Amino acid sequence: MTAAADAHGAVAAPMVPVGFAVSARRQETYDTWTLELEPRTGTALAFEAGQFTMLSAFDCGEVPISISGDPGTDGPLVHTVRAVGLATEAICAAAPGSVLAVRGPFGRPWPLQQLEGGDVLVVAGGIGLAPLRPAILALLARRERYGRLVLLYGGRSPDQLLYTGQLQEWGERGLEVWLTVDSAGPEWLGHVGVVPRLLDRARFDAAGASALLCGPEVMMRFAAAALTRAGVPGDRVYASMERNMQCGIGHCGHCQLGPTLICRDGPVYRWSELERWLAIREL
């Protein structure tokens, strides 16, 4: 899981933050930034697609942020962060040369090897594309191992879509890209509507397909329902969950969902695991 993991895969000193210097900073939307981080020790942080770190700007708190970089390279550690509070605002404002603290990586990743041989649908809403970006890069790196690869992605408006400069590149590499927005002006020539409606336009072999979901819970519920109605088995639909994670190792209990702790048992779950718990109001 990490360069500092022991023989059993456990993260060494998981509560001890490590300093990473900001090497690049790019604005994605009006409130969202992508940061590239380089370890001050010189040792790259190994991770799997779908895992997260606990990221902090000193004196401003610590937050769980999914890793958005390429798991197949030794390049910088990449996070795409939305500024929604004191900690995330400080992280997004970190200029190149600033030092952030990183713990991890933590969590259960996307089961990409188990998806081989079939079609794969990646369904994302808003900033939910960030935790799915490593999976997309890993799928494209081993394109020959999968059937049709389809991305269904939506945002509130065109200016809220992430990685717009990379979507065409992914399409040229074999990813079928469908975009939609909730509302747009006359300059938008794409689809308008919710993400699950794009399923009617995508072509895939439902019986052998798998799906990876990340975004607002309501979007994931409707997308999972549409996928299962289309014939995708519920145990081949996976979703990445977000909760108030504070320790990252299953000790504090803040991220409890039913009988599970998301930092330990997730953030990636089979939909067949999640469905009953998400049906309970305010759980």
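Residues numbered from 1 in each chain as written. Predicted model: local features only at pLDDT ≥ 70, side-chain atom pairs only at ≥ 80, totals over all residues. Heavy atoms only, no water.

**Details of the overall build of the chain**
When you go through the chain residue by residue, the secondary structure sums to 6 helices and 15 strands. Taking 283 residues into account, the globule formula puts the C-alpha radius of gyration at 19 Å, and the chain, at 18 Å, falls close to it. The dimensions of the chain, computed from C-alpha atoms along their principal axes, are 45 × 45 × 40 Å. Each of the 283 residues in the chain was classed as buried or not, and the buried ones make up 50%. Considering only contacts in the chain between residues 6 or more positions apart, those separated by 24 or more positions represent 70%. (Helix = DSSP H or I, 4+ residues; strand = E, 2+ residues; numbered from the N terminus. Rg over C-alpha atoms; globule rule 2.2 N^0.38 Å. Buried < 20%, exposed > 50% of the residue type's maximum accessible area, 1.4 Å probe, protein only. Contact = heavy atoms within 4.5 Å.)

**Observations regarding the confidence of the model for the chain**
Of the residues in the chain, 95% have a pLDDT of 70 or more, and the chain-wide mean is 91. Across residues 1-10, confidence stays below pLDDT 50; counting only partners more than four residues off in sequence or on other chains, it has 21 contacts. (pLDDT = per-residue confidence, 0-100.)

**Here's the deal with the sheet that holds strand β11 (residues 210-214)**
Spatially, 7 strands are ordered β10-β9-β8-β7-β11-β12-β15 in an open sheet, and the strand pairing comes out mixed. Each of the sheet's edge strands pairs with one partner strand only, and the pair in question is β10 (191-192) and β15 (268-270). Two strands pair when backbone bridges link them, and strand β12 (residues 237-240) and β15 are joined in this way by 3 bridges, in the antiparallel orientation. Bridged to Ser240 within β15 is Val268. Here helix α6 (residues 271-278) sits on the sheet in contact with β12 and β15, set at roughly 90 degrees to β15. (Pairing = 2+ DSSP bridges. Axes fitted to C-alpha atoms, helices over the stretch in contact; angles between N-to-C directions.)

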